Amino acid sequence: GSERKGKLAAPAPLSFEQIGGQERAKQELVEALDFLVHEEKISKFGIRPLKGILLTGPPGTGKTLLAKAAATYTDSIYVAASGSEFVEMYVGVGASRIRDLFKEARQKAAKAGKGSAVVFIDEIDVIGGKRDGGQHKEYDQTLNQLLTEMDGIHTAEKPRILLMGATNRKEILDSALLRPGRFDRHIVVDLPDKKGRDHILRIHARNKPLHEEVSLEKIAEESFGFSGAQLESVMNESAIYAMREESESISQRHLSMAIDKVMMGEQTDRESTK
Ligand code: ATP
């Protein structure tokens, strides 16, 4: 998402209930998190502890939301950064930022009296791209530091760290990141289907006055291929249209106009990046 992440982000509690569609991703994530929650049981069976969960899929589908909900579900502190924040001109700066991120998570958890911390790194491909044998020393050091931090995560350690990464380019990730004991859970977060779109629209309509003739199901049908972020924009734009016309509520027409606007916006974005 476009919101400000990293050190300034306030840890807003967010639950799975606020995430539309993505039923399978949510279920897989909860299953993985239950391993963390019941770690004593897991270790009795000698099962390898969970260290990293990788969320993959197109932009705006709810990966950040899932990471936040994971923190809420496990009663953890949430700390986030984007891969691009670690790209620096000077060798070693990225690596020390990684170290600081994990340190920040441990300190915040200790201060809040929490037993665990979720560290979320969006666009992890920016630092975790395939190493190419010395061409990019800076990237290598950053990635190596991330690997070191992951290897340093221990079950018995408190606060317990869970690393979550997100990418829409899984295929370029260095295989070292995907090895067992690192990001060994992969969860696909795809574009929503019609039912998912309907659910997402309903979530973002919660605080808005909809006219009683409005059919969000119809809007879900007309918005094939839209991401969650785009559907949120549709609801928001429709409210702006309604307000401009000084209507009492949002009508089906306002929603259709908003769909066109969001679709057009996408096209002009693509045109301008050509
Ligand atoms: P990116 O890869 O661009 O960071 P992302 O997958 O992390 O994208 P989010 O940041 O989670 O996407 O989503 C951006 C915004 O879009 C959310 O804050 C929310 O308003 C809306 N959104 C996206 N997916 C969903 C969803 N499944 N349910 C409800 N809202 C959603």
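As a reminder, the structure under discussion sits directly above these lines.
Remember, predicted model here, so these are calculated numbers, not experimental data. Sequence order sets the numbering: in each chain, residues are counted from 1 along the sequence as written. The model is predicted, so local features are restricted to residues of pLDDT at least 70 and side-chain atom pairs to those at 80 or more, both for listing and for counting; the totals for chains, interfaces and linings are taken over all residues. The side-chain numbers reported here are obtained from all heavy atoms of the structure, hydrogens and water having been left aside.

1. Some points on the overall build of the chain
- The helix count covers DSSP runs of H or I at least four residues long, the strand count covers runs of E at least two residues long, and both are numbered beginning at the N terminus. Broken down by element type, the chain carries eleven helices and five strands.
- Across the 274 residues in the chain, those meeting the buried criterion constitute 46%.
- In this description, contact between two residues means that some pair of their heavy atoms is separated by no more than 4.5 Å. Restricting to contacts in the chain with at least 6 residues of sequence separation, those with at least 24 account for 78%.
- Exposure was quantified through the Shrake-Rupley algorithm and a 1.4 Å probe, taking into account, for residues, occlusion by the shown protein chains and nothing else. With the model as given, the accessible surface of the chain reaches about 14500 Å², and the carbon-plus-sulfur share is 52%. Only protein chains enter the accessibility calculation, which uses a 1.4 Å probe. A residue is then buried if its area is under 20% of the maximum for its type, exposed if over 50%, and partly exposed in between.

2. Focus on the packing of helix α1 (residues 23-37) against helix α3 (residues 63-73)
- Fitted lines through C-alpha atoms give the axes, limited to the stretch in contact for helices. The angle between two N-to-C directions lies from 0 to 180 degrees. As a packed pair, α1 and α3 sit with axes 11 Å apart at the nearest point and diverge in direction by 35°. Between α1 and α3 lies a crossing whose hand is right-handed. From α1, Ala-25, Lys-26, Leu-29, Val-30, Leu-33, Asp-34 and Val-37 reach across to α3, where they touch Leu-66, Ala-70 and Tyr-73.
- In this classification, the charged set is Asp, Glu, Lys and Arg, the nonpolar set is Ala, Val, Leu, Ile, Met, Phe, Trp, Tyr, Cys and Pro, and all remaining amino acids, among them Gly, are polar. For the contact of α1 with α3, the per-class residue count stands at eight nonpolar, no polar and two charged. By the definition used in this description, the sense in which the near helix is turned from the far one sets the handedness, with an anticlockwise turn below a right angle giving left-handed and a clockwise turn giving right-handed.

3. Quick notes on the packing of helix α8 (residues 194-205) against helix α10 (residues 228-244)
- Two elements in contact, α8 and α10, have axes whose closest approach is 9 Å; the angle formed by their N-to-C orientations is 45°. Classified by the interaxial angle, the pair formed by α8 and α10 is oblique. Handedness of the crossing formed by α8 with α10: right-handed. Touching Arg-197, Ile-200, Leu-201, His-204 and Ala-205 of α8 are Gly-228, Leu-231, Glu-232 and Met-235, all from α10.
- Its residues assigned to classes, the contact of α8 with α10 comprises five nonpolar, two polar and two charged. Orientation categories follow fixed angle ranges, with anything under 35 degrees roughly parallel, anything over 145 roughly antiparallel, 65 to 115 roughly perpendicular, and all other angles oblique.

4. Brief notes about the layout of surface pockets
- Of the volumes computed, that of the second largest pocket is approximately 300 Å³.
- Taken together, 16 residues form the lining of the second largest pocket, with Gly-21, Gln-22, Glu-23, Arg-24 and Ala-25 sitting closest to its centre.
- Its residues assigned to classes, the lining of the second largest pocket comprises five nonpolar, five polar and six charged. For each structure, a 1 Å grid was placed over the protein atoms alone; sets of points admitting a 1.4 Å probe that cannot get out are labelled cavities, open sets with protein on both sides within 12 Å along at least five of seven lines are labelled pockets, and lining residues have an atom within 4 Å of a point. Grid points are joined across faces, edges and corners, and a volume is the space filled by probe spheres set on the points.

5. Digging into α8
- Given the number of residues in a helix, its expected span is that number minus one, multiplied by 1.5 Å. With twelve residues, α8 extends 16 Å from end C-alpha to end C-alpha; this agrees with the ideal 16 Å at 1.5 Å per step.
- Buried residues along α8 sit against α1, α9 (216-222) and α10.

6. A look at the packing of aromatic side chains
- Between 30 and 60 degrees the pair is tilted, below 30 it is stacked and above 60 it is edge-to-face, where a pair is any two Phe, Tyr or Trp rings, Trp via its six-membered ring, whose centres lie within 6.5 Å. Applying the stated rule across the entire model yields two aromatic pairs.
- Residues Phe-16 and Tyr-73 carry aromatic rings whose centres are separated by 5.9 Å and whose planes lie at 65° to one another, so their mutual orientation is edge-to-face. One end of the pair, Phe-16, is in the segment before α1; the other, Tyr-73, is in helix α3, and 57 residues separate them in sequence.
- For Tyr-73, a relative accessible area of 37% translates into the label partly exposed.

7. Digging into the side chain of Ser-251
- With respect to the secondary-structure elements, Ser-251 resides in the loop between α10 and α11 (252-272).
- Excluding anything up to four places from it in sequence, Ser-251 contacts His-211, Glu-213 and Val-214.

8. Comments concerning the pairing of strand β3 (residues 116-122)
- The buried fraction of β3 is high, at seven of seven residues.
- Side chains Ser-116, Val-118, Phe-120 and Asp-122 project from β3 onto one buried face, and the interleaved Ala-117, Val-119 and Ile-121 project onto a second face that is buried too.
- Across six bridges, strand β2 (residues 77-82) lies against β3 in parallel orientation. Each residue of the ladder has a partner; that of Ser-82, found in β3, is Asp-122. Here, any two strands with at least 2 DSSP bridges between them count as paired.

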